[in-house]
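Coordinate analysis (summary)
Residue-level listing of the chains:
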Amino acid sequence: MPFNSLIFLLFAALFFIVWPLVRHGNHFRWIFIIVASLVFYGWWDWRFIFLLTGCGLVNFYAGLFIQKFQRYKKTILILSIFGNLGTLALFKYLGFFTRNLNALGLDIPIITLALPIGISFYSFQGMSYVIDVYKRVVEPTNNFFHFFAYLSMFPHLIAGPIIRPSQLLPQLAEARKATDPELWEGFKLIVYGYFKKVVVADNLGLLVNVAFMQKETVESSPYWWVIITFFAIQIYCDFAGYSDIARGLAKLMGYEFPVNFNHPYVSRSLQEFWSRWHISLSTWFRDYVFFPLLQRRVTPLNAHISMGITLLLSGLWHGAGWTFVIWGGLHAAFFSIEQLTRWPKKLKKSGIGRILSTIIVLFLVWIAWVFFRAESLEQAVSILKVMLNPTLTGSCPMRRFTIIKAIVLFLAVASEIAVFLKMNEKIKNMKYYWILEIIFVAFALTAVFYLRGKVQTFVYFQF
Amino acid sequence: MLKRQLILTALIFWFCVLTINLMRPPVSDNAALTDASLSEKMSWKNRFDLVVAGDSRTLTGVSPQAMQSVLPGYKTGNLGFVALVYSQEYMDYIRMTLRSPVKNRVIVIGFSPRSLLSHEKPECLFRKWINEARIPLKMELNRHSGWLHALFRELSVGDLNIRFFETDRRYLIISFKSGWVASRLFPENAKASRNEYRNYFIKGKIDGELLEVIYRNTKAWTREGIKVFGIRIPTSPGLFTIENKMSGFHEHRIRQRFEKSGGIWLNPDISYFIAYDGSHARYDSAVSYSKSLAQELRKFLDEKR
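Note that residues are indexed from 1 along each chain, following the sequence as it is written. Going through the entries in the order they are written, you letter the chains from A and number the ligands from 1. In keeping with the predicted nature of the model, local features appear solely for residues at pLDDT of at least 70, side-chain atom pairs appear and are counted solely at 80 or more, and the whole-chain, interface and lining totals rest on all residues.

With that settled, the discussion passes to the overall build of chain A. Secondary structure elements follow DSSP: runs of H or I of four or more residues count as helices, runs of E of two or more count as strands, with numbering from the N terminus. The number of helices and strands found in chain A is 20 helices and zero strands. Each radius of gyration reported is based on C-alpha atoms, and the globular scaling rule is 2.2 Å times the count of residues to the power 0.38. Expected size for 463 residues packed as a compact globule is a radius of gyration near 23 Å; at 23 Å, chain A falls within 12% of this value. Judged by the C-alpha coordinates and their principal axes, chain A covers about 65 × 65 × 50 Å. Residue burial is a threshold on neighbouring C-beta atoms within 10 Å of the residue's own C-beta, all placed from the backbone, with 20 or more meaning buried, 12 or fewer meaning exposed, and counts in between meaning partly exposed. Burial status across chain A gives 44% buried among its 463 residues.

In structure tokens, the structure reads:
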């Protein structure tokens, strides 16, 4: 059940009524989290519960066996990774691979299976557990309920953040009670998360969807810049909104999830962008793909190659399509150029230079978003051609851009500018900030009800 | 501290809720129930002898009660949905609502150009209802949460327009259990929808694939013994002209293909038809149109039912 549904609100209400009664005993707590999470997950399609349980069993026993049979620990690790990636490949990439093999002249029947929601997230979380046990970063848990509560915990199950075992397993082993400030913080995060999702992302998403649904690309450069800007805000608010709600729910339970988005659009370099965007995934790729690749041979060339492979894989993780691979490839290329030329450092020296750095980062990220969002490679190329050709300035058929969307857009942009100018820090230090904060939360809550856009699923559910 | 924070937040929130509900233009009490009634439609299975399908024009323009007064032996349902775009899923839904055995049951397809535009698919709310109908508990929640919808109905541009610019404008919307949503607007404005529809047709034309879905199902249904009829749901003369010129809706060709698939095209009398906003039928006009449609249907249906 998606967070932005009435049924989820009922589910969450029931969960938090029962939670104080069960949180004291380890087994009660874990089993309650598991049952609630399976109901939450099975609401989409009950058959996928078996897949989630299978993933849990494979990774739980892989962790145990690695500890027990040290001689074969590498084989066990490889087998478990094979199991996780194999399942992911079967459900997510089989159609993509067969289509591409057929394009090379083979004649294989194309089989596309229904993509189990959240599979990319929980299979990566499962792998991180086994790898960390292998590297002795964490001790494996002997209790399946403990492990499965960590893997399936509903706030992060569908769209992350991808939480490392060292971050959550110890927390789950304790009977935690959220303090009053934690409860308020959790409530605030949930309200802001819903605001980002249903007010900003859903309102702008409609305009973006209509633009990309058209068979013919609109021949207007300003139109596409506006649409890609809307998409950039939409995907950020959609995903960051989900992460905020997930973190807020965890806080209400007394747990701490890591920050997943830290205002990525105020970045002054691509390196900074990737340290602020989908942090749990980028650090996952950094620790489990980039570092192992780099450690094989520490040379500047290998660093570029490793970064390229990591970002290409990150692109493929987002979707089984060439547009996603190119999105990753573009980021890899931009990143390498940045490392070679060190342009952010040169621009950092002056105030205008710092603003220019952010504008350059946004420009590059926007260009890459075109591939990320486009329905096909052809569409992405034709949109880019229009965007980068300033002589084409046709009409902007933005018929659904209403005053309400303008208000929403203003709020989204203004809050990011406040962060960019570090005004949020000044506001937080004001004497009566707590009153201001209450007013913000109450207004955001009102906006969630009255300025909400048409219901759309979270963008990152498809991954 | 937490208590104080939550109480203050709740107070400000409810103040905003009250202000918005007092400020926003009044709607009939039943308007908010429309969502609940659309949700209820999704639970209709094995229920009707005669159904009329289509988008919001069917929803507002066809009164099953009026049709039943002419065809008393036929339990009739209005399957219209707001912003519907024809799809196989919708066709399956139509078929599902017919009472078994389906032989001699009746389906009337309401053709309107907007329901055949593929670029309108993202706007099609029918998907939302399909998703919700998959889980009975969700359906029950929707059906019983009309008051919540009323209280928290989102602010629309229409609301703002009516409140600040067109202060004498009022909608009346009444949902009936048969699926019909009777409506009217004060004051009427026959030109109100023209620009909106012009924009739809600038952005896209009639999608042949969507028409094929209708033809294919018509063929299959007639093979099963279901009587399938087609009508062009009426609208104002101004909009009718715009649709003919801009949408690519070639009625003659569509009619030919529809009839070739086994359907029967009807042309009920629409001389008295009034669209309050240029697109949708005023409730009294809908009653007259429905009777006229039923009279046309009667010519082809078995009187002895």
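Attention now moves to the overall build of chain B. In terms of regular secondary structure, chain B is built from 14 helices and seven strands. In chain B, buried positions account for 41% of the 305 residues. Our contact criterion uses C-beta atoms placed from the backbone: two residues qualify when those atoms are within 7 Å. Across chain B, every contact between residues at least 6 apart in sequence was considered, and the portion connecting residues at least 24 apart equals 83%.

Turning our eyes to something else, we now look at the environment of A:Phe230. Residue and element names in this part refer to chain A. Structurally, Phe230 is set in helix α10 (residues 221–253). For the pair Phe230 and Asn59, spaced 171 residues apart in sequence, the C-alpha separation works out to 40 Å. What Phe230 contacts, discounting residues up to four positions off in sequence, is Leu204, Leu207 and Val208.

Residues and elements named next belong to chain B. Burial along strand β1 (residues 50–53) is two-sided: the residues Leu50 and Val52 and Val51 and Ala53 are all buried. At least two bridges found by DSSP between two strands are what make those strands a pair. Here β1 pairs with strand β2 (residues 76–78) via three bridges, running parallel. Of the residues in β2, the one forming a bridge with Val52 is Asn78. Note that β1 and strand β3 (residues 106–111) share four bridges and pair parallel. By the bridge assignment, Val51 is partnered in β3 with Ile107.

Residue and element names in this part refer to chain A. Taken as a whole, chain A is organised into domain 1 (6–176) and domain 2 (181–462). Note: domain ranges come from an automatic or database domain assignment. With centres defined by C-alpha atoms, the gap from domain 1 to domain 2 works out at 26 Å. Taken residue by residue, the interface counts 23 residues in domain 1 and 23 residues in domain 2. Secondary structure elements with two or more residues in the side of domain 1 that touches domain 2: α1 (6–22), α4 (73–103), α5 (119–134), α7 (154–157) and α8 (165–172). Each residue receives one of three labels: charged for Asp, Glu, Lys and Arg, nonpolar for Ala, Val, Leu, Ile, Met, Phe, Trp, Tyr, Cys and Pro, and polar for the others, Gly being one of them. Split by residue class, the side of domain 1 that touches domain 2 holds 14 nonpolar, seven polar and two charged.

Moving on, we get to the environment of A:Phe335. You can see A:Phe335 is positioned in helix α14 (residues 322–341). Between the C-alpha atoms of A:Phe335 and A:Lys385, which are 50 residues apart in sequence, the distance is 22 Å.

Owing to its 3.6 residues per turn, the α-helix aligns residues three or four sequence positions apart on the same side. Residues and elements named next belong to chain A. With 18 residues, helix α12 (residues 279–296) should cover 26 Å at 1.5 Å per step; its first-to-last C-alpha distance of 25 Å lies within 8% of that length. Residues Ile279, Ser280, Leu281, Trp284, Phe285 and Phe290 constitute the buried set of α12. Looking at the buried positions of α12, the neighbouring elements they touch are α5, α11 (270–276) and α13 (300–318). Multiplying 1.5 Å by the residue count of a helix minus one yields the expected span of that helix.

Residue and element names in this part refer to chain A. The axes used here are C-alpha line fits, helices contributing only the stretch in contact, and every angle between their N-to-C directions lies in the interval 0 to 180 degrees. Put simply, helix α2 (residues 26–42) and helix α3 (residues 48–68) touch, their axes get as near as 9 Å, and they point 135 degrees apart. The orientation of α2 relative to α3 falls into the category oblique. Once α2 is placed against α3, the crossing between them reads as right-handed. Across the interface between the two elements, Leu38, Tyr41 and Gly42 of α2 pack against Phe48, Ile49 and Leu52 of α3. Of the residues that constitute the contact of α2 with α3, the class distribution is five nonpolar, one polar and no charged. Roughly parallel refers to an angle under 35 degrees, roughly antiparallel to one over 145, roughly perpendicular to one between 65 and 115, and oblique to any angle outside these ranges. Each crossing gets its handedness from the near helix: less than a right angle anticlockwise from the far helix is left-handed, clockwise is right-handed.

Another point: α10(A). Residues and elements named next belong to chain A. For α10, built from 33 residues, the straight-helix expectation of 48 Å at 1.5 Å per residue is met to within 8% by its first-to-last C-alpha distance of 48 Å. Within α10, 28 of the 33 residues are buried, which leaves the element mostly enclosed by the surrounding structure. Gly254 occupies a position one or two residues after α10 and carries a positive phi of about 100 degrees.

We now examine the packing of α4(A) against α5(A). Residue and element names in this part refer to chain A. Two numbers describe how α4 lies on α5: the axes approach to 10 Å, and their chain directions differ by 175 degrees. In terms of orientation, α4 lies roughly antiparallel with respect to α5. Contacts between α4 and α5 involve Lys73, Leu77, Ser80, Ile81, Asn84, Thr87, Leu88, Phe91 and Lys92 on the former and, on the latter, Ile119, Ser120, Ser123, Gly126, Met127, Val130, Ile131 and Tyr134. Each residue belonging to the contact of α4 with α5 can be placed in one class, and the counts come to nine nonpolar, six polar and two charged.

A few words now on the environment of B:Glu89. Residues and elements named next belong to chain B. Looking at where Glu89 falls in the secondary structure, it is placed in helix α5 (residues 88–97). Using a count of 13 C-beta atoms within 10 Å as the deciding quantity, one classes Glu89 as partly exposed. Expressed as a C-alpha distance, the spacing of Glu89 and Val102, which sit 13 residues apart in the sequence, is 19 Å.

Further remarks concern the confidence of the model for chain B. Here chain B shows a mean pLDDT of 85. Residues at 70 or above account for 85%. Overall fold confidence (pTM) sits at 0.73, and the ipTM for the predicted complex is 0.76. As a per-residue quantity, pLDDT reports the predictor's confidence and falls between 0 and 100.

This brings us to the sheet that holds β3(B). One open sheet holds the five strands; their spatial order is β2-β1-β3-β6-β7 (chain B), and the pairing between them is parallel. Looking at strand neighbours, the two that pair on one side only are β2 and β7 (264–265) of chain B, the edges of this open sheet.

All names here are of chain B. The buried fraction of β3 amounts to six of the six residues, a majority that puts the element mostly inside the structure. Alternating positions in β3 separate into two faces, Val106, Val108 and Gly110 on one and Ile107, Ile109 and Phe111 on the other, with burial throughout. Here six bridges tie β3 to strand β6 (residues 227–232), and the two strands are oriented parallel to one another. Of the residues in β6, the one forming a bridge with Gly110 is Ile231.

Before going further, it helps to spend a moment on unusual backbone geometry. Omega for the bond connecting B:Ser100 with B:Pro101 falls within 30 degrees of zero, at -10 degrees, which places this linkage in the cis form. For B:Pro101, the location among the structural elements is in the loop between α5 and β3. The phi torsion at A:His278 lies on the positive side, around 40 degrees, for a residue other than glycine. Considering the arrangement of structural elements, one finds A:His278 in the loop between α11 and α12. Positive phi, normally seen in glycine, also occurs at B:Asn46, with a value near 50 degrees. By the element assignment, B:Asn46 lies in the loop between α2 (33–41) and β1.

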